[in-house]
Amino acid sequence: MTRFPATLPQEKTLGRPRPDRAAVEAAVRLIIEWAGDDPDREGLIDTPARVVRAYEEFFEGYNTDPAELLARTFEETDDYDDMIVLRNMRLESHCEHHIVPIIGKAHIAYLPNRRVVGISKLARLVEVYAKRLQIQETLTSQIANTIAEVLRPRGVAVVVEAAHMCMTTRGIRKPGVTMVTRRFIGEFKDDADLRRDFLAQIAAPSERFG
Ligand SMILES: Nc1nc2c(ncn2[C@@H]2O[C@H](COP(=O)(O)OP(=O)(O)OP(=O)(O)O)[C@@H](O)[C@H]2O)c(=O)[nH]1
Ligand SMILES: [Zn+2]
């Protein structure tokens, strides 16, 4: 039996009112002072503005509706009905607990139900959710749920493997540890052979073709 999530996670974040840039720069200046440095010295004077520009990049996923990204699909794929896999996508995110980088990779597969999507859109989908604050479990589920809801494929599989800098560079400090999260929907959930096939695909050595 094919199971899909009933609805997409609510996009409560889109269109929220935001504080203005000057207020955010002032907050960064306060952190510099709190750390014990002088925010007016030459090397730091432009830092609040730089940090805000950098954070704009890190959090740009709040500006895009993920479902809209996948809206443009190609119908009628002749008879292609096997899995479509996008593997080894670099993933850069920030954890919601410490706002510290999460670096890793994502792998996505889906079993089309006549409709396919441009492959770059799947990579963009990963990017949109990665450039928001969340935990890795939620990130993994959101990517899978959106593909399931918008494309209505026969199945979706998402695996994320990442290192959390909040665990490697501070706190417990365990460099080399990675976290693996997986979400299987539809036929990937029901069919252990299919799941193994997908996991073998993403484990295989990959060659750089270009
Ligand atoms: N499950 C999960 N935990 C995460 C993720 N990112 C960070 N964490 C954890 O979130 C937890 C937050 O725990 P707290 O005790 O509130 O924070 P903390 O005092 O900074 O904890 P330590 O990191 O253990 O020093 C930590 O255990 C982190 O390792 C994630 O994506 N998923
Ligand atoms: Zn963290």
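Scoring rules and cut-offs
- Residues numbered from 1 in each chain as written.
- Chains lettered and ligands numbered in written order.
- Predicted model: local features only at pLDDT ≥ 70, side-chain atom pairs only at ≥ 80, totals over all residues.
- Heavy atoms only, no water.
- UniProt positions renumbered as here; feature names shortened; annotations may be inferred.
- Axes fitted to C-alpha atoms, helices over the stretch in contact; angles between N-to-C directions.
- Helix = DSSP H or I, 4+ residues; strand = E, 2+ residues; numbered from the N terminus.
- Left-handed = near helix turned anticlockwise from the far one by under 90°.
- Contact = heavy atoms within 4.5 Å.
- Nonpolar A, V, L, I, M, F, W, Y, C, P; charged D, E, K, R; others polar.
- Near = heavy atom within 4 Å.
- Polar contact = N/O pair within 3.5 Å; in protein donor to acceptor, adjacent residues only side chain to side chain.
- Donors = N, O, S within 2.8 Å, 3.2 Å for Na, K, Ca; no water.
- Buried < 20%, exposed > 50% of the residue type's maximum accessible area, 1.4 Å probe, protein only.
- Domains from an automatic or database assignment.
- Expected span 1.5 Å × (residues − 1).
- Pairing = 2+ DSSP bridges.

- In the annotation of an unreviewed UniProt entry, the entry for the protein chain reads GTP cyclohydrolase 1, and the organism field reads Afifella marina DSM 2698.
- Turning to the protein chain, the UniProt record has this under Pathway (unreviewed entry): "Cofactor biosynthesis; 7,8-dihydroneopterin triphosphate biosynthesis; 7,8-dihydroneopterin triphosphate from GTP: step 1/1."

## Focus: the packing of helix H1 (residues 21–35) against helix H2 (residues 47–58)
Then comes step 1: Running from amino to carboxyl end, H1 crosses H2 at an angle of 115 degrees, the nearest separation of the two axes being 8 Å. Crossing of H1 over H2 shows right-handed handedness. In contact with Arg21, Val24, Glu25, Val28, Arg29 and Ile32 of H1, H2 contributes Thr47, Pro48, Ala49, Val51, Val52, Arg53 and Glu56.
Then comes step 2: Split by residue class, the contact of H1 with H2 holds seven nonpolar, one polar and five charged.

## Some details on the site of ligand 1
Then comes step 1: Neighbouring ligand 1 are Cys95, His97, His98, Ile135, Gln136, Glu137, His164, Cys166, Arg170 and Met179.
Then comes step 2: In the environment of ligand 1, a nitrogen atom lies 2.7 Å from a nitrogen or oxygen atom belonging to the side chain of Glu137.
Then comes step 3: Between His164 and ligand 1, the recorded distance is 3.2 Å, taken from a side-chain N or O atom to a nitrogen atom.
Then comes step 4: Across the shell around ligand 1, the residue classes break down as four nonpolar, four polar and two charged.

## Description of the coordination of the zinc ion (ligand 2)
Then comes step 1: Donor atoms from the polypeptide that bind the zinc ion (ligand 2) are Cys95 (SG), His98 (ND1) and Cys166 (SG), placed at 2.0 to 2.4 Å.
Then comes step 2: The sequence pattern describing where the donors of the zinc ion (ligand 2) fall on their chain is C-x2-H-x67-C. Taken together, the residues Cys95 in strand S2 (residues 84–95) and Cys166 in helix H6 (residues 165–168) connect sequence positions 71 residues apart. Summarising the burial analysis for this pair, Cys95 and Cys166 share the class buried.

## A few points about the side chain of Thr140
Then comes step 1: Among the structural elements, Thr140 can be located in helix H5 (residues 136–151).
Then comes step 2: For Thr140, a relative accessible area of 1% gives the class buried.
Then comes step 3: Excluding anything up to four places from it in sequence, Thr140 contacts Val158, Val160, Thr181, Arg182 and Arg183.

## Regarding the domain arrangement of the protein chain
Much of the literature gives interface size as the accessible area that the parts lose upon coming together.
Then comes step 1: On domain assignment, one finds that the protein chain holds domain 1 (21–58) and domain 2 (65–203).
Then comes step 2: Taking the mean C-alpha position of each, domain 1 and domain 2 sit 34 Å from one another.

## Some words on H1
Because each turn of an α-helix spans 3.6 residues, side chains separated by three or four positions end up pointing in the same direction.
Then comes step 1: End to end, H1 covers 21 Å across 15 residues, agreeing with the expected 21 Å (1.5 Å per residue, within 8%).
Then comes step 2: Note on H1: the residue one or two positions beyond its end, Gly36, has a positive phi of about 115 degrees.

## Points about the UniProt feature "binding site: Zn(2+)" (unreviewed entry) in the protein chain
Then comes step 1: The UniProt record annotates "binding site: Zn(2+)" (unreviewed entry) at Cys95, His98 and Cys166. Over a stretch of 72 residues, the named residues converge on one spot in the fold, their C-alpha atoms separated by at most 8.0 Å.
Then comes step 2: The buried category is assigned to Cys95, whose relative accessible area is 4%.
Then comes step 3: If sequence neighbours within four positions are ignored, Cys95 has contacts with Val100, Ile102, Leu133, Gln134 and Cys166.
Then comes step 4: You can see His98 is positioned in the loop between S2 and strand S3 (101–111).

## Re the sheet that holds strand S5 (residues 133–134)
Then comes step 1: In spatial order, the strands read S5-S2-S3-S6-S7; together these five strands make up an open sheet with mixed pairing. For this open sheet the edge positions go to S5 and strand S7 (179–186), each flanked by a neighbour on one side alone.
Then comes step 2: Where H5 meets the sheet, its contacts fall on S2, S3, S5, strand S6 (155–164) and S7, and the angle it forms with S7 comes to roughly 20 degrees.
Then comes step 3: Contacts from helix H8 (residues 192–203) reach S2, S3, S6 and S7 within the one sheet, and its direction differs from that of S3 by about 135 degrees.

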